[in-house]
Amino acid sequence: MKNEAKKRGGFTSSLGFILAATGSAVGLGNLWKFPYIAGEGGGAIFVLIYLFFVLVLGVPIMLGEMAIGRKTKLNPIGAYHKLNKKFTFIGVIGVVCAFIILSYYSVIGGWVLKYITTYVTNTHVTDASAYFKNFIQSPVEPVIWHIVFMALTCIIVIGGVAKGIERASKIMLPLLFIFIIIIAIRSVTLPGAMEGVKYFVIPNFSHIDSISEISKVLLAAMGQVFFSLSLGMGAIITYGSYLNKEVNLQKSAFIIPTLDTLVAVLAGFAILPAVFAFGFKPTAGPGLLFETLPKVFESMPFGVIFGVLFFVLVFFAAITSSVSLLEVVTSYCIDNLKMKRATASIIIASIMTIIGIFAALSFGPLADVKFFGNTIFDLMSFVSDKLLMPLGGFFMCIFVGYIWGIDNASEEISNDGSIRFRWKKLFSIIMKYIAPAIILVIFITSFLPTK
Ligand code: PHE
């Protein structure tokens, strides 16, 4: 056990950890999901609720997960088991969740790869929407790209996370910021874009007129906070387990959500104004990024170059997230099932690939297979970010608040008393009462018939 703990000591510096954890957080959730969910959720209202949840749920839950990970130096299942056997199930929720997310995440990662090749080969696209639909409805192409994306994720995880990911994130993050700012400026200055800017920044309550509408938006915003910050399913516990004692967890738990939120908001500015400028609907769903941005690039000088670079950056953002997802399950197999890293990641990635194929096909040949009105893809996304992640977060708060205890958590958070934990009282109230109450109320109002 001692040796293993030593071997796990992956991140050497605070910066390395912050970059890797930000790499996990910043991903398709920010660039692809946030703009379309904000679009569906009524724009500015959604954004406001989202920001509120980042503060009251995101930051404290991230801090709690980091503490659990660093304290135990184990994967989520092992971590909960070590602290209190009866609560191992919270870790199990996380591992199951990682399976579901990566299976469909990799499908979208595949779409990104496809778009990189489209731009690299300078394929002339006259109708971006038709091009996109043709592609996702094909029974073969999306599956192949999904397999390629998963294989790349697997290769990085086999190689070990720390160095590759740290280095990739160091170059990728600043570049991503620069590019997305340039694209946002172009998008905002397109003729007709102002409507989109307004939609994104000025709350309009007119279409949120029933309790069921409100609870839908609340659930979507809450789910998105968990998804975007990689919370409630053990990714941050896993990364925390690779941490050393010097890292200031409190600072990290602010910096990572701040960077993540910044990227999401910038992505909103890059995409939503363009949606209006080109006459799309903000409620268009998962295709938003892939249909509107090509149009923005077309309207820019050197658009093709921007297209290549942008989708390459999206790819980097996505792969640093997918790696953290695969790492959750891999670390469990290594710690608890004593498997070799390579064997574990190949087996798990293969299972995820197979599940993901169904998600990939649910835009084409399997589009009619529906569960409660949802396609396979929608169902997987619903179960993970609206159900399992908030549920995992709920139990995590209860666990830290009442079982492991605020004092034990604070000891870890304050590096055994060497860094002052100024907001311990607030942290305690949030963990014990506020966060569980918010999650529960949103669950109840969303899942119980209200009218
Ligand atoms: N946070 C990642 C994103 O925004 C997705 C993710 C979820 C990664 C859960 C790890 C764990 O794309």
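Here, every reference points to the structure presented above.
Presented here is a report on the structure given in the accompanying data block.

### A few points about the side chain of Ser414
- Along the chain, the position of Ser414 falls in the loop between helix H17 (376-413) and helix H18 (424-447).
- A distance of 3.3 Å separates the side chain of Ser414 from the backbone oxygen of Glu411, its partner in a polar contact.
- If near-sequence neighbours (up to four positions away) are discounted, Ser414 is found in contact with Ile419 and Phe421.

### Some remarks on the environment of Ile208
- When you line up the elements, Ile208 lands in the loop between helix H10 (194-201) and helix H11 (211-228).
- Between the C-alpha atom of Ile208 and that of Ile45, which follows or precedes it by 163 residues, the distance is 9.2 Å.
- Residue contacts for Ile208: discarding those within four places in its chain leaves Gly41, Ile45, Glu213, Ile214 and Val217.

### Here we look at the packing of helix H2 (residues 14-25) against helix H15 (residues 303-335)
- Packing of H2 against H15 brings their axes to within 6 Å, and their N-to-C directions diverge by 100°. Considered as vectors, H2 and H15 are oriented roughly perpendicular to each other. In contact with Gly23, Ser24 and Ala25 of H2, H15 contributes Ala317, Thr320, Ser321 and Ser324.
- A breakdown of the residues in the contact of H2 with H15 according to their chemical character gives two nonpolar, five polar and no charged.

### Here we look at the site of the ligand
- Close to the ligand lie 16 residues, the nearest being Ala25, Gly29, Tyr105, Phe227 and Ser228.
- At 3.2 Å, a backbone N or O of Ser24 approaches a nitrogen atom of the ligand.
- Within the side chain of Asn30, an N or O atom sits 3.3 Å from an oxygen atom of the ligand.
- For the ligand, the accessible surface in isolation is 320 Å², of which the surrounding protein chains cover 100%.
- Most atoms of the ligand, that is more than half of them, are within 2 Å of grid points of the largest cavity.

### Description of the layout of surface pockets
- Within this model, the largest pocket holds a volume of roughly 720 Å³.
- Lining the largest pocket are 31 residues, and of these Glu40, Lys216, Ala220, Phe382 and Lys386 lie nearest its centre.
- Elements that contribute at least two residues to the lining of the largest pocket include exactly helix H3 (28-40), H11, H17 and H18.
- Top element by residues in the lining of the largest pocket is H11. It accounts for seven residues.
- Class assignment for the residues of the lining of the largest pocket results in twelve nonpolar, twelve polar and seven charged.

### Considerations on the nonpolar core
- Among the nonpolar cores identified, the biggest contains 163 residues, and Phe17, Phe53, Leu57, Phe290, Val400 and Phe427 are the most heavily contacted of them.
- When residues of this core are assigned to their parent elements, the largest contribution, 19 residues, is made by helix H6 (residues 88-120).
- If we skip the residues at most four places from it in the chain, Phe427 touches Pro60, Leu63, Gly64, Val400, Ile406, Ala409, Ile413 and Phe421.

### Comments concerning a nonpolar patch on the surface
- Among the surface-exposed residues, Val140, Ile144, Val148, Leu152 and Ile155 lie close enough to one another that they form a single nonpolar patch of about 400 Å² accessible area.
- Mapped onto the fold, Val148 is located in helix H8 (residues 141-158).

### Some points on empty space enclosed by the protein
- Under the defined criterion, the tally for this structure stands at two cavities of 30 Å³ or more.
- What the largest cavity holds in volume is close to 120 Å³.
- If you trace the largest cavity, you find 16 residues lining it, with Ser24, Tyr105, Phe227, Ser230 and Leu325 closest to the centre.
- Looking at the lining of the largest cavity, the elements with two or more residues in it are H2, H3, H6, H11 and H15.
- At three residues, the largest contribution of residues to the lining of the largest cavity is made by H15.
- Its residues assigned to classes, the lining of the largest cavity comprises nine nonpolar, seven polar and no charged.

### Here we look at the side chain of Ser410
- Among the structural elements, Ser410 can be located in helix H17.
- Judged by its relative accessible area of 6%, Ser410 falls in the buried class.
- A polar contact of 2.6 Å, which involves the side chain of Ser410, links it to the backbone oxygen of Ile406.
- Not counting residues within four places of it along the chain, the set of residues in contact with Ser410 comprises Phe421 and Lys424.

### Some words on the pattern of salt bridges
- Evaluated as defined, the whole model comprises nine salt bridges.
- Notably, a salt bridge pairs Glu213 with Lys216, separated by 3.4 Å at the nearest N-O pair. Taken as a pair, Glu213 and Lys216 lie in helix H11 at a separation of three residues, close to a single helical turn.
- Residue Lys216 is classed as exposed on the basis of its relative accessible area of 56%.
- Each of Arg70, Lys245, Glu412 and Asp416 takes part in salt bridges that share partners, so that together they form one network.

### With respect to the packing of aromatic side chains
- Enumeration over the complete set of coordinates arrives at 39 aromatic pairs.
- Centre to centre, the rings of Phe89 and Phe395 are 5.0 Å apart; their planes meet at 80°, and the pair counts as edge-to-face. Of the two residues, Phe89 is situated in helix H6 and Phe395 in helix H17; the sequence distance between them amounts to 306 residues.
- Take Phe395: its relative accessible area is 24%, and that puts it in the partly exposed class.
- Positioned over the ring face of Phe227 is Lys33, at 4.0 Å from the centre of the ring.

Procedures and definitions
Per chain, residues are indexed from 1 in the order of the written sequence. Note on the predicted model: pLDDT of at least 70 is required for a residue's local features to be given, and 80 or more for side-chain atom pairs to be given and counted; whole-chain, interface and lining totals, by contrast, use all residues. Side-chain numbers come from the whole structure's heavy atoms, not from hydrogens or water. Secondary structure elements are taken from DSSP: a helix is a run of H or I of four residues or more, a strand is a run of E of two residues or more, and numbering for both begins at the N terminus. Counted as a polar contact is a pair of N or O atoms within 3.5 Å, where, for protein atoms, one must be capable of donating a hydrogen and the other of accepting one, and residues adjacent in sequence contribute only when both atoms are in side chains. For this analysis, residues touch if any pair of their heavy atoms sits within 4.5 Å. Whenever a helix is involved, its axis is fitted only over the stretch in contact; in every case the axis is a line through C-alpha atoms, and angles between N-to-C directions fall within 0 to 180 degrees. Should an angle lie under 35 degrees it is considered roughly parallel, over 145 roughly antiparallel, and from 65 to 115 roughly perpendicular; all remaining angles are considered oblique. Amino acids outside the nonpolar list (Ala, Val, Leu, Ile, Met, Phe, Trp, Tyr, Cys, Pro) and the charged list (Asp, Glu, Lys, Arg) are all regarded as polar, and Gly is one of them. Here, proximity means that at least one heavy atom of the residue falls within 4 Å of the molecule or strand. Exposure was quantified through the Shrake-Rupley algorithm and a 1.4 Å probe, taking into account, for residues, occlusion by the shown protein chains and nothing else. In the cavity and pocket records, a cavity denotes points on a 1 Å grid over the protein atoms alone where a 1.4 Å probe fits but cannot get out, a pocket denotes an open set with protein on both sides within 12 Å along at least 5 of 7 lines, and lining residues are residues with an atom within 4 Å of a point. More than half of a molecule's atoms lying within 2 Å of a cavity's or pocket's grid points is what places that molecule inside it. Grid points are joined across faces, edges and corners, and a volume is the space filled by probe spheres set on the points. Here the nonpolar core consists of buried residues drawn from Ala, Val, Leu, Ile, Met, Phe, Trp, Tyr and Cys, with membership extended through side-chain atoms lying within 4.5 Å. Partly exposed residues are those whose accessible area sits between 20% and 50% of the maximum for their type, while under 20% is buried and over 50% is exposed, using a 1.4 Å probe and protein chains only. Distance thresholds for patches are 9 Å for like charges and 5 Å for nonpolar side chains (Val, Leu, Ile, Met, Phe, Trp, Tyr), applied to residues having over 30% relative accessible area and no salt bridge. A pair is scored as a salt bridge if a Lys or Arg side-chain nitrogen falls within 4 Å of a carboxyl oxygen belonging to Asp or Glu. Planes of paired rings set the category: under 30 degrees apart is stacked, over 60 is edge-to-face and the rest tilted, where pairs are Phe, Tyr or Trp rings (Trp by its six-membered ring) whose centres lie within 6.5 Å. Any Lys NZ or Arg CZ that is within 6 Å of a ring centre and within 35 degrees of that ring's normal is treated as a charge sitting over the ring.

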